[in-house]
Amino acid sequence: MAHQIGYFVGSLASNSINRTLSKALIKLASDELEFTEIPIKDLPLYSPDYDADFPAPARALKEAIEASDGILFISPEYNRSVPGALKNAIDWGSRPWGTNSFARKPTGIIGASPGGIGTAVMQSSMRSVLSFLDAPQLNAPEAYVRFDPEVFGEDGEVHNEGTREFLRHYMDEYCAFVQRVLAATAPGHI
Ligand code: FNR
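Procedures and definitions
Residues numbered from 1 in each chain as written. Predicted model: local features only at pLDDT ≥ 70, side-chain atom pairs only at ≥ 80, totals over all residues. Heavy atoms only, no water. Axes fitted to C-alpha atoms, helices over the stretch in contact; angles between N-to-C directions. Helix = DSSP H or I, 4+ residues; strand = E, 2+ residues; numbered from the N terminus. Parallel < 35°, antiparallel > 145°, perpendicular 65-115°, else oblique. Contact = heavy atoms within 4.5 Å. Nonpolar A, V, L, I, M, F, W, Y, C, P; charged D, E, K, R; others polar. Near = heavy atom within 4 Å. Polar contact = N/O pair within 3.5 Å; in protein donor to acceptor, adjacent residues only side chain to side chain. Areas by Shrake-Rupley, 256 points an atom, 1.4 Å probe, with all protein chains shown as cover. Phe/Tyr/Trp six-rings, centres within 6.5 Å; stacked < 30°, edge-to-face > 60°. Buried < 20%, exposed > 50% of the residue type's maximum accessible area, 1.4 Å probe, protein only. Expected span 1.5 Å × (residues − 1). Pairing = 2+ DSSP bridges.

Colleague: Where do I start with the packing of helix H2 (residues 56-67) against helix H3 (residues 84-93) in this structure?
Modeller: The relative placement of two packed helices is expressed as an angle between their axes plus a distance between the axes. Contact geometry for H2 and H3: axes closest at 9 Å, N-to-C directions at 75°. Classified by the interaxial angle, the pair formed by H2 and H3 is roughly perpendicular. Every residue of H3 that contacts H2 at Ala58, Leu61, Lys62 and Ile65 is listed here: Ala89, Trp92 and Gly93. Among the residues making up the contact of H2 with H3, the classes are represented as five nonpolar, one polar and one charged.

Here it is as structure tokens:
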């Protein structure tokens, strides 16, 4: 049976290059993974005032994370960190206190930018957030993608063999990582 992967696109832009990257990654991934986007655009800004009664988009977000076998973040870097919309979604998923939906979920982080830094600093910020949330992370390979519009088609095609194989390898390693974490946390595993 395929593993269910919930994925976040950390950009609200209608022409997001990270959304384009997400389409490419899904196309290149093994059939052992099935992908469902976890939407973030309708979430209000998190406040502890909501803890007693989460709004519907936040309840849906937590349910989607909890129903996933693994989580994949595909995000831009904003001002050398995690975009506010994505951080807000993570804050929602982590609360109310004691109900952190990310705990023990295998995660991967990848992102694209037009420049050579390829979201490296955002990914470093995300790693400390996910560590705090007790979410195991794929440590290697890392994937910092410099987005070239001639390489990435809108439909998710990748028109460069080296880039295509690099991303396919990333997704194969992500799949193997999810399977390792699931096996290690399965009932009966010592
Ligand atoms: C950026 N951009 C950017 N790029 C980068 O490599 N490092 C950075 O720190 C930033 N900071 C930043 C802040 C803000 C507010 C914006 C709007 C943009 C540029 C960014 O990589 C570029 O706009 C990408 O196209 C964003 O990804 P999406 O939204 O197209 O997926």
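Colleague: What exactly am I supposed to notice about the site of the ligand here?
Modeller: The local shell around the ligand holds 13 residues, among which Ser11, Ser16, Asn18, Glu77 and Arg80 are the closest. Here Ser16 contributes a side-chain N or O atom positioned 2.6 Å from an oxygen atom of the ligand. In this structure, Glu77 approaches the ligand through a side-chain N or O atom, which is 2.8 Å from a nitrogen atom. For the ligand, whose accessible area on its own is 620 Å², the fraction buried by protein is 68%. When its residues are assigned to classes, the shell around the ligand shows six nonpolar, five polar and two charged.

Colleague: Explain the packing of aromatic side chains here, please?
Modeller: Here the distance between the centres and the angle between the planes together describe a pair of aromatic rings. Overall, the coordinates contain nine aromatic pairs when judged by the stated rule. Ring centres of Phe54 and Trp92 lie 4.8 Å apart, and the angle between their planes is 90°; this geometry places the pair in the edge-to-face category. On the criterion of sequence distance, the pair formed by Phe54 in the loop between strand S2 (33-37) and H2 and Trp92 in helix H3 is long-range, its members being 38 residues apart. Each of the two residues, Phe54 as well as Trp92, counts as buried. By way of ring pairs, the aromatic residues Tyr46, Tyr50, Phe54 and Trp92 are connected into one cluster.

Colleague: Looking at this model, I keep getting lost on helix H5 (residues 161-185). Mind explaining?
Modeller: The terminal C-alpha atoms of H5, which comprises 25 residues, lie 36 Å apart, in line with the 36 Å expected from a rise of 1.5 Å per residue. Of all the residues in H5, the buried ones are Leu167, Tyr170, Met171, Tyr174, Cys175, Phe177, Val178 and Val181. Along its buried surface, H5 packs onto strand S1 (3-9), helix H1 (17-28), S2, strand S3 (70-74), strand S4 (107-113) and strand S5 (144-146). The opening residue of H5 is Asn160, an N-cap whose side-chain oxygen sits 3.0 Å from the backbone nitrogen of Gly162.

Colleague: Would you take a moment to explain the environment of Arg95 for this structure?
Modeller: By secondary structure assignment, the location of Arg95 is in the loop between H3 and S4. Distance in space between the C-alpha atoms of Arg95 and Gly10 is 19 Å, their sequence separation being 85 residues. Contact partners of Arg95, with chain neighbours within four places excluded, come to Tyr46, Asp51, Phe54 and Lys62.

Colleague: Hey, could you run me through the sheet that holds S3 in this one?
Modeller: Backbone-to-backbone hydrogen bonds join strands into a sheet, with any given pair of strands oriented parallel or antiparallel. Ordered by their spatial adjacency, five strands build an open sheet running S2-S1-S3-S4-S5, and the pairing between neighbours is parallel. Edge positions in the sheet fall to S2 and S5, since each has one partner strand and no second. Averaged over all pairs of adjacent strands, the angle between strand axes in this sheet comes to 25°, irrespective of strand direction. Where S3 meets S4, four bridges bridge the pair, whose relative direction is parallel. Residue pairing for S4: Phe73 is matched across the bridge by Ile109.

Colleague: Explain unusual backbone geometry here, please?
Modeller: Backbone geometry follows two general trends: most residues other than glycine have a negative phi, and most peptide bonds adopt the trans configuration. Following Arg95, the chain continues into Pro96 via a peptide bond in cis, with omega recorded as -5°. For the bond running from Ala140 to Pro141, omega is 5°, close enough to zero to count as cis. Within the fold, Pro141 resides in the loop between helix H4 (120-132) and S5. You will see that Arg80, though not glycine, has its phi angle at about 65°, which is positive. Inspection of the secondary structure puts Arg80 in the loop between S3 and H3. On the basis of relative accessible area, Arg80 is assigned to the partly exposed category, the value being 49%. The backbone of Thr119 sits at a positive phi, close to 75°, despite the residue not being glycine.

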